[in-house]
Amino acid sequence: MIGIIGPEDSIRLVLAVAEAEGRAGEVTARAYTDPEQAPELARELDDLCQVLLFTGRIPYAFAAANGTLRAEIDFVPHGGIDLYRTLSRMLIAGAGRLPRVSVDTIEAATVRETFHDIDVEPPTEIRPIADDNGLLFSGLDEITAYHRERYESGAVEACLTCLGAVHRELSAAGVPVWRVEHTRAAVRDALRRAWLAAEVRQSRATQIAVMMIEVSAPPGRQRDPYQVERQRLRLREALLEHAQRMRGRLTTVDDSTFVITTTRGTIESAIARQRAGHASLLALRNVDLPHTVGFGAGTTIAAAEDNARKALALGRQDGHVQVVFPDGEVYSSGDAAVPRRLRETAPGVLRVSEQLGLGPLSTRRLLDALHQMDPAQVTARGLADAYGVEARSARRLLNALRAAGFAEEAGLHVSTGAGRPQTVYKVQLQRLVSALDGDAS
């Protein structure tokens with residue numbers, strides 16, 4: 001399920017596009033009157049949806065800054081095609097003349113490119129919301145004040161904003177303002193990315209996970225064999241009950257080590273309950289022997305067990321339950337607010353990372369992004385959206401993949417709207433995965 005969060009007019013557009021795609025039943029929406037309400041609405045939908053899609057970068061930023069969400073979050077970007085439509089309307093209204101304008105939210109490079117495409121000098125008054133270093137504003141009032149100051153000083157004749165609240169404030173103040181709204185094409189692209197991300201998350205939830213239990217003998221010498229056997233039976237009964245609650249399977253490794261095989265989704269649900277302060281499957285019940293528990297997730301049983309052993313080693317150090325995920329992220333029951341990562345030392349990952357000029361964890365993140373895309377039709381813009389970087393950074397990544405032999409140019413994609421043709425790359429995804437796993441062939 002995809003959760004949509006935005007103002008009412010944007011919500012209506014998204015729902016209409018979802019219905020046209022025949023997937024209206026796969027989305028649920030919450031409307032706000034102020035973007036600052038976005039975090040509360042996101043928490044409301046968090047347990048229901050795999051992905052939360054915000055209709056703009058501002059509500060997305062508010063939600064991202066207000067606590068951890070289980071769902072993946074994304075936003076519908078305002079791009080060149082949205083700006084192009086607004087400029088066309090302004091040209092019609094102005095009998096072919098485009099006033100000097102100030103612009104917010106849209107990246108400066110996209111604004112300049114769109115103006116150049118219609119042979120108009122780009123504005124110098126561009127107020128982006130974010131750059132590579134994060135947010136550049138402290139609130140909507142600052143953006144509204146920016147536009148008013150530029151208009152009242154005579155620097156511009158009109159304002160372009162992507163934000164409904166800013167549009168209302170400027171209109172009420174008598175400032176000429178146009179709102180840059182999403183086109184159906186932009187919304188459709190964002191919805192398709194969100195649906196694909198939801199499918200990836202669903203697939204990831206079915207990854208193998210392992211709970212490894214290491215039991216220690218009680219202090220002192222225990223001579224009575226009947227008491228030892230009763231204790232062993234009580235332990236096995238408690239572990240079987242826990243495996244049943246986890247919908248998993250119990251396996252005995254040796255007299256002191258036991259494994260419950262389950263799914264990543266089960267473990268992530270247990271983490272969510274533990275974070276909320278509820279009883280969780282991370283802890284064993286009715287086990288009176290000293291024990292250590294570690295969880296690991298992976299794409300294979302061997303990988304999951306290896307991560308569980310790493311979690312056990314961490315647990316012996318601090319006494320807390322640890323969960324180690326495939327990308328090296330570590331969750332600890334002792335300090336849920338501070339995520340940690342294991343240093344990536346797999347030879348294949350280190351070798352590929354050096355070839356690409358990335359850190360090992362960034363290489364894993366790049367692989368996750370490529371898994372969300374059609375590897376035969378990767379563009380810089382598509383990779384930028386999936387990986388979460390600027391388009392220029394995505395182009396550098398694709399050039400690095402090509403130079404390392406993991407991608408090749410497959411043609412050009414010509415957009416029906418504004419914008420230059422984009423190079424399409426075919427990424428040898430299976431070859432990249434094999435290289436990361438250490439298979440040099």
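Reading the values: the criteria
- Residues numbered from 1 in each chain as written.
- Predicted model: local features only at pLDDT ≥ 70, side-chain atom pairs only at ≥ 80, totals over all residues.
- Heavy atoms only, no water.
- Core = buried A, V, L, I, M, F, W, Y, C linked by side-chain atoms within 4.5 Å.
- Buried < 20%, exposed > 50% of the residue type's maximum accessible area, 1.4 Å probe, protein only.
- Helix = DSSP H or I, 4+ residues; strand = E, 2+ residues; numbered from the N terminus.
- Expected span 1.5 Å × (residues − 1).
- Arc of directions from axis to C-beta.
- Contact = heavy atoms within 4.5 Å.
- Axes fitted to C-alpha atoms, helices over the stretch in contact; angles between N-to-C directions.
- Parallel < 35°, antiparallel > 145°, perpendicular 65-115°, else oblique.
- Left-handed = near helix turned anticlockwise from the far one by under 90°.
- Nonpolar A, V, L, I, M, F, W, Y, C, P; charged D, E, K, R; others polar.
- Pairing = 2+ DSSP bridges.
- Polar contact = N/O pair within 3.5 Å; in protein donor to acceptor, adjacent residues only side chain to side chain.

A. The arrangement of the nonpolar core in detail. L366, L370, L383, L401 and L432 are the most contacted members of the largest nonpolar core, which totals 28 residues. Taken together, the elements giving at least two residues each to this core come down to α12 (347-356), α13 (360-371), α14 (380-387), α15 (391-403), β19 (422-427) and α16 (429-436). Ranked by size, the runner-up nonpolar core spans 27 residues in total, among them A209, A270, L284 and V293.

B. Spotlight on helix α1 (residues 8-20). Taking 1.5 Å of rise per residue, 13 residues should cover 18 Å, and α1 covers 18 Å from first to last C-alpha, within 8% of that figure. When we look at burial in α1, the residues that qualify are S10, I11, V14, V17 and A18. Seen end-on, α1 carries its buried residues on one side only, within an arc spanning 130°. Summarising the geometry of α1, the exposed residues directed more than 90 degrees from the buried face are E8, R12, E19 and A20. Close packing links the buried residues of α1 with β1 (2-6), β2 (27-31), β10 (177-179) and α8 (184-205).

C. Up close: the packing of helix α6 (residues 140-152) against helix α7 (residues 164-172). Closest axis-to-axis distance for the α6/α7 pair is 10 Å, and the angle between their directions is 45°. Classified by the interaxial angle, the pair formed by α6 and α7 is oblique. In this structure, the crossing between α6 and α7 has a hand that is right-handed. Contacts from L140, I143, T144, H147 and R148 of α6 reach α7 at A165, V166, E169 and L170. Its residues placed into classes, the contact of α6 with α7 shows 5 nonpolar, 2 polar and 2 charged.

D. Up close: the sheet that holds β2. One open sheet accounts for 4 strands, arranged β2-β1-β3-β4; its pairing is parallel. The open sheet terminates on both sides in strands that have one partner only, identified here as β2 and β4 (72-75). On average, each strand axis in the sheet is inclined to that of its neighbour by 20°, with strand direction left out of account. The pairing of β1 with β2 spans 5 bridges and is parallel.

E. Here's a closer look at the environment of Y425. Counting through the fold element by element, Y425 comes out in strand β19. Remark: the alpha-carbon pair of Y425 and A407, spanning 18 residues in sequence, is separated by 6.3 Å. In this view, Y425 contacts P375, A376, Q377, V378, L398, N399, R402, E408, E409 and A410; residues no more than four positions away in its chain are not counted. For Y425, the side chain forms a polar contact with the side chain of N399, separated by 3.4 Å.

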